[in-house]
Amino acid sequence: MDSCRWEQIQTLFHDAIERPEHEREAFLECACNADQELMAEVRLMLQADDRGTSPLDRGLPDLAHQMLAACLETDPAREFGAYRLTRLLGEGGMGVVWLAERRDAGNLVAIKFLPHAGLSPARRDRFGREIKTLGKLKHPYIARLYDAGALEDGTPWFAMEYVEGIPLGDYLRQRQLPVEARLKLFRAICTAVQYAHGQEIIHRDLKPSNILVEYDGTPRLLDFGIARELHLPDDSPELTRPALRFLSRDYAAPEWVRDGTVGFQTDVYSLGVILNEMVIQPRPADLDILCAKAMHQDPDERYASVEALIRDVDHYLKNEPLDARPDSWTYSFGKFVTRNRWTVAAASVTFTFIAGLSIFFTLRLAAERDRANHETAIATATNRFLADDLLARTDPFRGDNARESFVSVVKEASPHIDQQFRSEPLVAARLHQTLARSFDNRSDFPQARREYDRAGQLFLQAEGPLSEDAIIIHLARAQMEARSYEKGAMALAKSLLAGAGSTIPRIRSPSPDVEIWLLTTRGVIALVANDARSANQNFAAALSKAQSSSVDENRRRHIKQWLAFSYIRLGMGAKAETLFRELIDEYSHAAGSESPDTLKARINLAQSLYGQGKYTEAIEEDNRIYPVLVRKLGEDHETTLTLLGSRAASEGSLGMYDDAIRDDLTVYRIAVKKQGPVSLFSIGMLSDAAVSQCQAGRYAEGEANARKAHQEAIQAYGPRAGLTGGTSYALAICLIGRNRLDEASELLSSIDIQATIQMSGDPRVAASIALARGEIAARRGNYALAKHYADLAAPDFDRPGAAPTDVRSLAKLRNVIEEHRVAK
Amino acid sequence: MTAPQKVLVDESGRIAEDQRALDDLFSLTYEELRRLASLVRRNSNRASINSTALVHEVWIKLKDSPRLVLTSIPHFKAIAARAMRQVLVDEARRKIARKRGGDGDASFVPLDESNEGTVRCDAELVALDEALNELARVSPRQAHMVESRFFGGFSVAETAQAVGMSESAVERDWRAAKAWLAGRIRPRYQ
């Protein structure tokens, strides 16, 4: 047949089918012109066309079925070599697996064949590589290779351990395992993958159907069909990319699908997806974090190794903080006490709030800030307050067993760490680091030091003298020392900082993380050392670095928070306010408008408003936060009380005495009930209430309260204590109102101004005392002296943003002096 | 057996330059075909499995591949169709050869060879392949059309586009080729 002939045939065929059937034969007879062969050909075509039975009318699936599936039909008696095939276990594009019995030994094995190996060299290569890979792996959770060879027709095969189990997905469906059991199973799977990684083998096709679970719950990894050995050049990434395989893309890491990039993180991703399916919603938030970290789209954000993933699974199982959020100390802190998460989170709130500025126990001396001494005062106050008073005395855990569980968990955990993780020093180091952070956060400095030291040692041993982890530990320790405000601690902090600063340049390319730590530590130390400007510069640099590198969001926000504090110290309340508002937006977006972080930022915002003299706004903000705190923590929680005290300070500054008194007394009553009459809260609030009462002219109540607070302060803390100073001032104000000037004057003289500033965090103590003295002098008729005191107080109270009450008092004093001058 | 090279000879351009990529594509198609077969065997909904869906799925999996610089879906489909034809026909030939000479012990495939349908199918496929080759000699366009439609799941519209003809012309060509091929295959084995 040639083209011409074919055209002839087709033309005839088309002409014929257009005619009625009974006319076709006659047409052919005529048209073919006695060419019998031609006629037969067309006749045959017409028949086929009529019947519609051309093989081409059958679909491809049918053919494929007959051609390919048929070869899988079983022939149970089939034997080859030492094996007798028993039944088909599974099939797929990459081969078929049979259950077989060894004829000599009688044991069962699984045999995988690669049918039609010759069709593609690539397939054959891959099969050979799977055999090599399996041969290297000897692990209880990985099916072992026994034997390999080829049939006479060249079909390659290998025999491996037969696993009598069911796929992971089915197993989980059949057994209603609790979360903990699921996590343990997952952990076992991870150890097998980790082992393979240790052999430099990446599985690349981890998914539930490739993991069988035996009746006793032992998992077994199968199918290293596309596993890759790291030290071998990957001959063709295309060959094994999921796009080219029939891997479920659900389990394949995005970067691998995208551009063929393969690393340990490839398997970490798949494990993350598997875990995500093993522990379905609803589940604890920590598991969300864990899954999210493992399944992160960016491989650099994922757990760097299966070891790290296992570590966090262990943390979860032991109720310890996850490494997944290593930079969020609030989180580390809270995680220790899951039974009372909110209490602990709130303790963190209090902590930051205090570390930030905290003048809730204000002596209501004034509300604006001083440029020069203010920073010093607040820094000092903050630290002493934190170390000596607040954390020592106000106990956010009181009234429940959370403190016990926190302490006992931590103390029990520490000694076991080294033993349990002898072979994994990095795990042990991280654990010590976490413990250190937790102790640090609750100002248990001796314990924290021990843990930091141990973590540092382990990192140095494991990673060498230039270990970045060890440097970070040093820096964290330096920050803690600075904040501890213990004797000699500042010098130690500075020497730790200097040590880290001189080690970092020796690292060839230090990570942004370690540089950010260095800057932040410099900032913290500067802040504590009252160098707000330097602190501000360092925090700003740290923040800018954190923004340009891929640092954890929480860490970045944490730095931002520090930066905001430094602005407050610099007297740039507006800048602090902006930053806090940004933080509120960010935290709300990330964790909801009522998450501990968000609330923390909102409390800080209210404080920055107060610091700027924006009392009305501060009160409004307090009013918004208060119901949330009551709902989340209860109205008698320290953080709630702190907020109320803070609101009272703003109210007092605006002369809203009734409101201020109500709030102060509320806090006082609860504080007495919770902590007894002799506590910082109780005495401080009673004293604050007394000032408001006397300023409102309610001298009898005010004097009684002030006197009570004063006596208790002297008894508990001594005459020179800052707290005592505050109560002396309160009592003096009330006595002046009742014209008992000598006693008032004596009280004012007894105040240790520096200690009181430290205690209250308010730099206007001296100015307020001067104003009180001025009033005494005026009442005594000594107007020259009164003027002298008025002038002393003026710089603090003439400034814009000064508390209206103070402005009024000063104006009143000046009026009296002026009236006298005119009268004279 | 150098099946991929056969594909290579038939296709031109960048794809043909990359033997390895072609091998990938080939084994991919092959594996997909097996998967399809096993789906059919498991009594899945047969109607839902057709060569169009199959080739489309393979395309979806391949289209992001940078090394397979596939310029168009039709181009890819043409390769896939050829690969599928190759796979099926090779398999049919193997079966026939084994039936003739093999003792059965040396090769893997444990078929129940008495299955008449299968036997007929083997022979038909081989006959189809031969007939298609013959058709390609007198009308490469129609052979390509058959290959695309039957093995590649091209629709009439796609086929028309691929060969640059109207749809009605394609229908006409297809009907003639189909009838002719049927006539070539059936008489010998029926």
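These numbers come from a predicted model, not from an experiment. (Residues numbered from 1 in each chain as written. Chains lettered and ligands numbered in written order. Predicted model: local features only at pLDDT ≥ 70, side-chain atom pairs only at ≥ 80, totals over all residues. Heavy atoms only, no water.)

For chain A, the count of helices and strands is 36 helices and eleven strands. Burial analysis of chain A (824 residues in total) assigns 59% to the buried set. Long-range pairs, those at least 24 residues apart, make up 63% of the contacts in chain A with a sequence separation of at least 6. Accessible area of chain A: about 31,700 Å², with a carbon and sulfur share of 50%. (Helix = DSSP H or I, 4+ residues; strand = E, 2+ residues; numbered from the N terminus. Buried < 20%, exposed > 50% of the residue type's maximum accessible area, 1.4 Å probe, protein only. Contact = heavy atoms within 4.5 Å. Areas by Shrake-Rupley, 256 points an atom, 1.4 Å probe, with all protein chains shown as cover.)

Turning our attention to the sheet that holds strand β9 (residues 211-214) of chain A. Residues and elements named next belong to chain A. If you trace the three strands from one edge of the open sheet to the other, you get β7-β9-β10, paired in antiparallel fashion. The open sheet terminates on both sides in strands that have one partner only, identified here as β7 (165-167) and β10 (219-221). For this sheet the average axis-to-axis angle between neighbouring strands, irrespective of direction, equals 35°. As defined by bridge partners, β9 adjoins β10 across three bridges and the pair is classed as antiparallel. Looking at the pairing, Ile 211 lines up with Leu 221 of β10. The strands touched by helix α7 (residues 179-198) within the sheet are β9 and β10, with β10 carrying the most contacts at an inclination of about 30°. (Pairing = 2+ DSSP bridges. Axes fitted to C-alpha atoms, helices over the stretch in contact; angles between N-to-C directions.)

The subject of this paragraph is unusual backbone geometry. Residue and element names in this part refer to chain A. Notably, Glu 200 is not glycine yet its phi reads approximately 65°, a positive angle. Judged by relative accessible area, Glu 200 falls into the partly exposed class, the value being 33%. Of note, the phi angle at Arg 204 is positive, near 70°, even though the residue is not glycine. What makes Arg 204 buried here is its relative accessible area of 3%.

All told, the structure shown has 52 salt bridges over all chains when counted by the stated rule. Salt-bridge contacts for A:Arg780 lead to A:Asp742; the nearest nitrogen and oxygen are separated by 2.5 Å. With a gap of 38 residues between them, A:Arg780 in the loop between α34 (765-779) and α35 (783-797) and A:Asp742 in helix α32 (residues 741-750) connect regions that are remote in the sequence. Across the pair B:Arg85 and B:Glu147 runs a salt bridge whose closest N-O atoms are separated by 2.7 Å. Remark: B:Glu147 occurs in helix α7 (residues 140-151) and B:Arg85 occurs in helix α5 (residues 73-101); sequence separation between them is 62 residues. What makes B:Glu147 buried here is its relative accessible area of 3%. Where salt bridges share partners, they join A:Glu553, A:Arg556, A:Arg557, A:Lys560, A:Glu582 and A:Glu586 into one cluster. (Salt bridge = Lys/Arg side-chain N within 4 Å of Asp/Glu carboxyl O.)

Residues and elements named next belong to chain A. Inspection of the secondary structure puts Asn 536 in helix α22 (residues 532-548). Each C-alpha atom, one on Asn 536 and one on Ala 564, is 8.4 Å from the other, the two residues being 28 residues apart in sequence. Residues in contact with Asn 536, not counting those within four places in the same chain, are Leu 563, Ser 566, Tyr 567 and Leu 570.

What follows covers the packing of aromatic side chains. For any two aromatic rings, the description comes down to two numbers: the centre-to-centre distance and the angle of the planes. All names here are of chain A. According to the stated counting rule, one finds eight aromatic pairs over all chains in the structure shown. Look at Phe 539 and Trp 562: their rings are 5.6 Å apart centre to centre, the planes differ by 15°, and that puts the pair in the stacked class. Here Phe 539 is found in helix α22, whereas its partner Trp 562 is found in helix α23 (residues 553-569), with 23 residues between them in sequence. For the pair formed by Phe 539 and Trp 562, the shared burial category is buried. (Phe/Tyr/Trp six-rings, centres within 6.5 Å; stacked < 30°, edge-to-face > 60°.)

Attention shifts here to the side chain of B:Arg85. Overall, B:Arg85 belongs to the buried group, its relative accessible area being 8%. What B:Arg85 contacts, discounting residues up to four positions off in sequence, is B:Asp129, B:Leu132, B:Asn133, B:Glu147 and B:Phe151.

A word on helix α20 (residues 489-503) of chain A. Residues and elements named next belong to chain A. In this model α20 runs 21 Å from its N-terminal to its C-terminal C-alpha over 15 residues, within 8% of the 21 Å that 1.5 Å per residue would give. Buried within α20 we find Ala 489, Ala 493, Leu 496, Leu 497, Ala 500 and Thr 503. In a view along the axis of α20, the buried residues occupy a sector of 130°, so they form one face of it. (Expected span 1.5 Å × (residues − 1). Arc of directions from axis to C-beta.)

Below, the discussion takes up the environment of A:Thr261. Residue and element names in this part refer to chain A. You can see Thr 261 is positioned in the loop between α9 (254-259) and α10 (264-278). A relative accessible area of 41% places Thr 261 in the partly exposed class. A C-alpha to C-alpha distance of 9.8 Å links Thr 261 and Pro 299, two positions 38 residues apart in sequence. Setting aside anything within four residues of it in sequence, one finds Thr 261 in contact with Glu 255, Trp 256 and Thr 266.

With that out of the way, let us pick up the state of the cysteines. Chemically, a disulfide is nothing more than a covalent bond linking the sulfur atoms of two cysteines. Residues and elements named next belong to chain A. All chains considered together, the criterion is met by one disulfide over all chains. With a sulfur-sulfur separation of 1.6 Å, Cys 694 is cross-linked through a disulfide to Cys 734. Classification of the bridge connecting Cys 694 and Cys 734 rests on its S-S torsion, roughly 100°, and on that basis the disulfide is right-handed. Here Cys 734 lies in helix α31 (residues 722-737) and Cys 694 lies in helix α29 (residues 680-695), a separation of 40 residues in the sequence. Of the two residues, Cys 694 and Cys 734, neither departs from the other in class, the shared state being buried. The cysteine Cys 32 is free of any disulfide, with Cys 30 supplying the nearest cysteine sulfur at 9.2 Å. Judged by relative accessible area, which is 3%, Cys 32 ranks as buried. (Disulfide = S-S within 2.5 Å.)

Turning to the confidence of the model for chain A, a few remarks are in order. As a general rule, the predicted coordinates of low-pLDDT regions are not to be interpreted in detail. Overall, the predicted model of chain A reaches an average pLDDT of 77, with 78% of residues at or above 70. Counting interchain partners and residues more than four positions distant, the pLDDT-below-50 stretch residues 233-247 of chain A has 64 contacts. (pLDDT = per-residue confidence, 0-100.)

Across a regular strand the side chains alternate sides, sitting on one face of the sheet and then on the other. All names here are of chain A. A large share of strand β3 (residues 95-102) lies buried, amounting to six of its eight residues. Here six bridges tie β3 to strand β4 (residues 108-113), and the two strands are oriented antiparallel to one another. Opposite Trp 98, over in β4, you have Ile 111 as the bridge partner. Linkage of β3 to β4, two consecutive antiparallel strands, is achieved through a turn of five residues, within which Gly 106 is found at a positive phi near 80°.

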